[in-house]
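Here is what each chain is made of, one letter per residue.
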Amino acid sequence: QGTMAEKILVTGGAGYIGSHCVLELVEAGYVPVVIDNFHNAIRGADALPESLRRVQQIVHQPILFQELDITNEAALQELFSKHRFSAVMHFAGLKAVGESVQKPLEYYRVNLTGTIRLLETMKAHGVRNIVFSSSATVYGDPKYLPLDENHPVGGCTNPYGKSKYFIEEMIRDLCKAEGDWNAVLLRYFNPIGAHESGMIGEDPQGIPNNLMPYVAQVAVGRREFLSVFGNDYKTDDGTGVRDYIHVVDLAKGHIAALKKLKEHCGCKIYNLGTGTGYSVLQMVRAMEKASGREIKYKITARREGDVASCYANPALAERELGWKAAFGLDKMCKSIPLPSVPCVAGFPSPTPPHCRFLPPAGEDLWRWQLQNPTGF
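Criteria and thresholds
Residues numbered from 1 in each chain as written. Predicted model: local features only at pLDDT ≥ 70, side-chain atom pairs only at ≥ 80, totals over all residues. Heavy atoms only, no water. Helix = DSSP H or I, 4+ residues; strand = E, 2+ residues; numbered from the N terminus. Buried < 20%, exposed > 50% of the residue type's maximum accessible area, 1.4 Å probe, protein only. Polar contact = N/O pair within 3.5 Å; in protein donor to acceptor, adjacent residues only side chain to side chain. Contact = heavy atoms within 4.5 Å. Pairing = 2+ DSSP bridges. Axes fitted to C-alpha atoms, helices over the stretch in contact; angles between N-to-C directions. Core = buried A, V, L, I, M, F, W, Y, C linked by side-chain atoms within 4.5 Å. Salt bridge = Lys/Arg side-chain N within 4 Å of Asp/Glu carboxyl O. Phe/Tyr/Trp six-rings, centres within 6.5 Å; stacked < 30°, edge-to-face > 60°. Lys NZ or Arg CZ within 6 Å of the ring centre and 35° of its normal.

## Some thoughts on the side chain of E50
Mapping E50 onto the fold places it in helix α2 (residues 50–59). Classification of E50 by relative accessible area gives buried; the value is 8%. A polar atom in the side chain of E50 sits 2.8 Å from the side chain of R53. When residues no more than four places from it in sequence are discounted, the contact partners of E50 are I42, R43, G44, A45 and F376.

Here you go:
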């Protein structure tokens, strides 16, 4: 070909979604350059995050990485002087709904200031293409379902959601003011699952904030039971309904978004979801099926900032990006990591006998499990 492969800056690329996107970027022929501050990533060998060390093993080529905090303007300027980026994928930010209610200033400082510094640096170095990791939380409490991109935004129920909404607004204003900017804002629904190699997956530090890693930890005996927050919502079984999207589908959506930027698209917004909502109890059943185990749960009080139902109308992304979620619920549950202790003869195990539970269908999940007794 003779053309140089495009360099894409990936902020927060060592995290759960970021690392899966880095892998897809390499497979699509791009050169990702990853920055991360290890806030939500585990250090591996060679100064690399463990997630990216494993991506290297999967793709059989080195990943360019620099430890860097996006609120550090001088470091960003230096990075942009060193590389010629054709676009930026922006994942870096704090992301726990509950924690954002407790620590609003920290969420605004990191998410907003970090993004402003990033955009200013991009501007200074003539990089005018960005794919932003937004969230369905910008819709607040849904006025109608399924949620399409025209649904009103901004009535967010927590500071995390508000920070995503404010960033969307900043990027929209920037595109309006300066016609040469192109941005794709991707509103994710609920990412779950893992890469089929079983080498990378979701590895929450401490108590998981998200349903599925928690369910997986209960299934394997690392936690005693699942707390189900509220069973008096206006849904079929009273528990919250969400749109769960496989993380690999989500990552492929980012590749489609990069191609969209090439069309000088201005500012575009897309939902990335499956269009199907599942309740908490339906997800528990699906996981019981995948793991062959009973998952104990207790009903507790509703959680602040939660809405009853939230699922996507993903038609616009299919029409304009040519992207559609390919994986259903069974596939997602198969590849959800089940952190626990491996099967070693004479090894104390929370739920013996330890090696007989998952049918062959649960291969992805069990593979990540056996290789990763306690996550990364």
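Continuing now.
## What about the sheet that holds strand β4 (residues 85–90)?
Strand order in this open sheet of seven strands is β3-β2-β1-β4-β5-β6-β11, and the pairing throughout is parallel. Both outer strands of the open sheet, β3 (64–67) and β11 (267–272), are each paired with one neighbouring strand and no more. Taking each pair of neighbouring strands and ignoring which way they run, the sheet shows an average axis angle of 20°. Lying on the sheet, helix α3 (residues 73–82) is in contact with β1 (7–11), β2 (31–36), β3 and β4; it crosses β4 at an angle near 140°.

## Side note on the nonpolar core
Side chains that are nonpolar tend, in soluble globular proteins, to be buried together. In this structure, L52 and L258 are the most contacted members of the largest nonpolar core, which totals 46 residues. The dominant element in this core, judged by the number of residues it contributes, is helix α8 (residues 247–261), at nine residues. Ignoring any residue separated from it by four or fewer positions in sequence, one finds L258 in contact with I8, L25, Y30, A87, M89 and V131. With 27 residues, the next largest nonpolar core counts F85, I167, I171 and W181 among its residues.

## A few points about the environment of Y144
As for its placement among the helices and strands, Y144 is situated in the loop between β5 (129–135) and α6 (159–177). Along the backbone, Y144 and S309 are 165 residues apart, and their C-alpha atoms lie at a distance of 9.8 Å. Excluding anything up to four places from it in sequence, Y144 contacts N150, H151 and P152. For Y144, the side chain forms a polar contact with the side chain of D148, separated by 2.7 Å. At a separation of 3.2 Å, a polar atom in the side chain of Y144 contacts the main-chain amide nitrogen of H151.

## Considering the pattern of salt bridges
In the structure shown here, the tally under the stated rule is 16 salt bridges. A salt bridge links D232 to R302; the shortest N-O distance between them is 2.9 Å. Residue D232 is located in the loop between β8 (226–229) and β9 (241–242), and its partner R302 is located in the loop between β13 (297–300) and β14 (309–310); the two are separated by 70 residues in the primary sequence. For D232, a relative accessible area of 52% puts it in the exposed group. Judged by its relative accessible area of 45%, R302 falls in the partly exposed class.

## Remarks on unusual backbone geometry
For the bond running from L145 to P146, omega is -5°, close enough to zero to count as cis. Turning to its location among the elements, P146 is positioned in the loop between β5 and α6. Backbone geometry places F38, a non-glycine residue, at a positive phi of 65°. Positionally, F38 belongs in the loop between β2 and α2. Positive phi outside glycine occurs at D46, with the angle close to 55°. Structurally, D46 is set in the loop between β2 and α2.

## Some remarks on the sheet that holds β14
If you trace the three strands from one edge of the open sheet to the other, you get β12-β9-β14, paired in mixed fashion. On the outer flanks of this sheet lie β12 (278–279) and β14, each paired with one strand and no other. Note: β9 against β12, two bridges, orientation antiparallel. Each bridged residue has a counterpart across the sheet, and for V241 the counterpart in β12 is S279.

## Considerations on the packing of aromatic side chains
All chains considered together, the criterion is met by four aromatic pairs. For the pair F80 and F85, a centre-to-centre distance of 5.1 Å together with 75° between the ring planes defines the contact as edge-to-face. The exposure classification of F80 matches that of F85, with both residues buried. A ring pair is formed by Y108 and F166, whose centres lie 6.0 Å apart and whose planes are at 35°; its orientation type is tilted. Highlighted residues: Y108 in helix α5 (residues 104–124) and F166 in helix α6, separated in sequence by 58 residues. Linked through ring pairs, Y108, Y165 and F166 together constitute an aromatic cluster. For K298, the ring lying beneath its charged end belongs to F225, and the centroid distance is 4.0 Å. Here R302 stacks its cationic end above the ring of Y233, 4.0 Å away from the centre of that ring.

## Some details on the pairing of β8
Here β8 shows one buried face, formed by L226 and V228, and one open face, formed by S227 and F229. Relative to β13, β8 is paired through four bridges, and the arrangement is parallel. Note on β13: the bridge partner recorded for F229 is T300.

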